[in-house]
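This is what each chain is made of:
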Amino acid sequence: MNNVKDKVVVITGASSGIGEETVSLLSENGAKLVLGARRLDRLEKIQQKIGHNVSIKKTDVTQPDEVNALIETAYNDFGRVDVLINNAGLMPQSFLEKNKQDEWNQMIDVNIKGVLYGIGAVLPYMRKQKSGHIINLASVAGHVVFPGSAVYSGTKYAVRAITEGLRQEEAAVGSNIRTTILSPGAIDTELTDHISDQEMKQGIDEVYKDAIKPDAIARAINYAINEPEESSVNEFIIRPSSQNL
Ligand code: NDP
C-alpha cells in the first residue's frame, strides 16, 4: 500500500532538521512537495537535490499573508493540498528570571501563531476537497515541564490543545480531515543552536548527547500519512530509548 504517492504535502520549516529529512523521505515515496522556510538558499539546494515535483516558497510563518501564499503555491502548482505539516519552530529555552521577552514573543509567534495561521490558510481548501491531513509538531516538552522550559512548553502544550480542538471540530462536521500531533524527544538538528541562556544550554547539551537522527520523526510522519484515509493517527511521542525526561 502506498497512500503517500502523489499526495500534495506542504511543509513549513523545511530548510533543516526534521523538515528537511521528512521532505526527503516523502519525496522518495512519491509525494509532491511544497517547501516553506525563511532561508531560500537552503530550500533551493533541497529542491535541486530532489529534482522534480517540488516547489519552494520563502515563508515566514509569523506573517499570515506569507502562510496563505505558501498554501496558494501548492494549489497553483499541483491543484490541491492533501497534507500540511506545521513543522517550523524554535526553542530558545531560558529561566523565567532572565526575562527574555524577545525570545518569549518569538516562540509564541512561531510555535503557536504560525501553526494557527497554517490551519487557517489550509482549512478552506481541505473542507472544499472533503479530505486532508494536518500534522503539527509538538514536543515531549508539550507533555512535561521542567525548569527553563516554561515558555517553550507553554507553546507546545498549546499546539497539542489546538490540534485536539481541530480534530474534534472536523470530526463533528464529517470533513474527513485527519490530524496528527507529533511529540519528539531529543533529535539531532539545529534546534538547540539558538539557546542564548548559557546556563540552560549546558543542561540541554547534556540531554542532547543521546539525541537521535531526524529520520525517526520522518518515518512516523510517513506512517501517519500512509495509513488509509479512514484511519487518523492522532498522536505520537518519540524519544531516544535512553532519554529519561
Ligand atoms: P531546526 O532548527 O533544524 O528547524 C527548524 C525549522 O523551523 C527551520 O527550517 C527554520 O527555517 C524554521 N523556522 C524557524 N522560524 C521560522 C519562521 N519564522 N518562519 C518559517 N520557518 C521558521 O529544528 P527541528 O528540525 O528540530 O525543529 C522542527 C520542529 O520540531 C520544531 O517545531 C521543534 O519545536 C520540534 N521539535 C524538535 C525537537 C528536537 O529535539 N529537535 C524536539 C521536540 C520538538 P528558517 O530558519 O529557514 O526559516
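Below is a summary of the structure that appears in this document. (Residues numbered from 1 in each chain as written. Predicted model: local features only at pLDDT ≥ 70, side-chain atom pairs only at ≥ 80, totals over all residues. Heavy atoms only, no water.)

Structural notes on the nonpolar core
Stated formally: Nine residue types can take part in a nonpolar core, namely buried Ala, Val, Leu, Ile, Met, Phe, Trp, Tyr and Cys, and a core is a set of them joined through side-chain atoms within 4.5 Å. Exposure categories follow from relative accessible area, calculated using a 1.4 Å probe and restricted to protein chains: below 20% of the type maximum is buried, above 50% is exposed, and the middle band is partly exposed. Secondary structure elements are defined from DSSP: runs of H or I of at least 4 residues count as helices, runs of E of at least 2 residues count as strands, and each element is numbered from the N terminus. Note on contacts: a residue pair qualifies if any of its non-hydrogen atoms lie within 4.5 Å across the two residues.
Val 10, Ile 71, Val 81, Val 122, Met 126, Ile 134 and Ile 204 are the most contacted members of the largest nonpolar core, which totals 37 residues. Broken down by secondary-structure element, the contributors of at least two residues to this core are β1 (8–12), α3 (64–78), α4 (101–129), α5 (150–173), β6 (177–184) and α6 (198–207). Ignoring sequence-local partners within four residues, the contact set of Met 126 consists of Val 81, Asp 82, Val 83, Leu 84, Ser 131, Gly 132, His 133, Ile 134 and Ile 177.

Structural notes on the sheet that holds strand β5 (residues 132–137)
This is how the line gets drawn: What makes two strands pair is DSSP finding at least two bridges between them. To define axes, lines are fitted to C-alpha atoms, for helices over the stretch in contact only, and angles between the resulting N-to-C directions are given on a 0 to 180 degree scale.
Read from one edge to the other, the open sheet built from 7 strands follows the order β3-β2-β1-β4-β5-β6-β7, with strand pairing classed as parallel. Of all strands in the sheet, those bounded by a partner on one side alone are β3 (54–58) and β7 (235–238). The mean angle between the axes of side-by-side strands here comes to 15 degrees, regardless of whether they run parallel or antiparallel. In terms of strand pairing, β5 meets β6 through 6 bridges, oriented parallel. Paired with Ile 135 across the two strands is Thr 180, which belongs to β6.

Here we look at helix α1 (residues 17–28)
Under the convention used in this document: Multiplying one less than the number of residues by 1.5 Å gives the expected span of a helix.
Counted at 1.5 Å a residue, the expected span for α1 with its 12 residues is 16 Å, and the 17 Å between its end C-alpha atoms agrees. Residues Gly 17, Ile 18, Gly 19, Thr 22, Val 23, Leu 25 and Leu 26 constitute the buried set of α1. Immediately beyond the C-terminal end of α1, within one or two residues, lies Gly 30, with a positive phi of roughly 95 degrees.

Quick word on the site of the ligand
Applicable threshold: Each residue is tested against the molecule or strand, and it is near if at least one of its non-hydrogen atoms lies within 4 Å. Polar contact criterion, stated in full: a pair of N or O atoms within 3.5 Å, where within protein one must be able to donate a hydrogen and the other to accept it, and residues adjacent in sequence count only if both atoms are side-chain atoms. Surface accessibility follows the Shrake-Rupley procedure with a 1.4 Å probe radius. Residue values consider only the protein chains on display as shielding.
Taken together, 29 residues form the shell around the ligand, and within it Ser 15, Arg 38, Tyr 152, Thr 189 and Tyr 208 come nearest. Here Asp 60 contributes a side-chain N or O atom positioned 3.0 Å from a nitrogen atom of the ligand. A distance of 3.3 Å separates an oxygen atom of the ligand from a polar atom in the backbone of Glu 190. Out of a free accessible area of 870 Å², the ligand has 97% covered by protein chains. At the level of secondary structure, the elements contributing two or more residues to the shell around the ligand comprise α1 and α5.

A look at the packing of α3 against α4
Note the threshold: We call a crossing left-handed when the near helix sits turned anticlockwise from the far one by less than a right angle, and right-handed when that turn is clockwise. Gly is placed with the polar residues, together with every amino acid not listed as nonpolar (Ala, Val, Leu, Ile, Met, Phe, Trp, Tyr, Cys and Pro) or charged (Asp, Glu, Lys and Arg).
Relative to each other, α3 and α4 sit at 35 degrees, their axes nearing to 9 Å. Here the hand of the crossing between α3 and α4 comes out right-handed. In contact with Pro 64, Val 67, Asn 68, Ile 71, Glu 72 and Tyr 75 of α3, α4 contributes Tyr 117, Gly 118, Ala 121, Val 122 and Tyr 125. Grouping the amino acids of the contact of α3 with α4 by side-chain chemistry returns 8 nonpolar, 2 polar and 1 charged.

Re the side chain of Ser 175
By the secondary structure assignment, Ser 175 is in the loop between α5 and β6. The class of Ser 175 is buried, set by a relative accessible area of 2%. Among the polar contacts made by the side chain of Ser 175, one reaches the side chain of Glu 170 at a distance of 2.7 Å.

Some points on the packing of aromatic side chains
Basically, it comes down to this: In this scheme Phe, Tyr and Trp rings, the latter by its six-membered ring, pair at centre separations within 6.5 Å, and the angle between planes marks the pair as stacked below 30 degrees, edge-to-face above 60, and tilted otherwise.
Taken as a whole, this structure holds 2 aromatic pairs when the rule is applied. Measuring from ring centre to ring centre gives 5.0 Å for Tyr 75 and Tyr 125, while their planes differ by 40 degrees; the resulting arrangement is tilted. One end of the pair, Tyr 75, is in helix α3; the other, Tyr 125, is in helix α4, and 50 residues separate them in sequence. By relative accessible area, Tyr 75 is classed as partly exposed at 36%. Residue classification places Tyr 125 among the partly exposed residues on the basis of a relative accessible area of 23%.

This is a description of form; function is not addressed.
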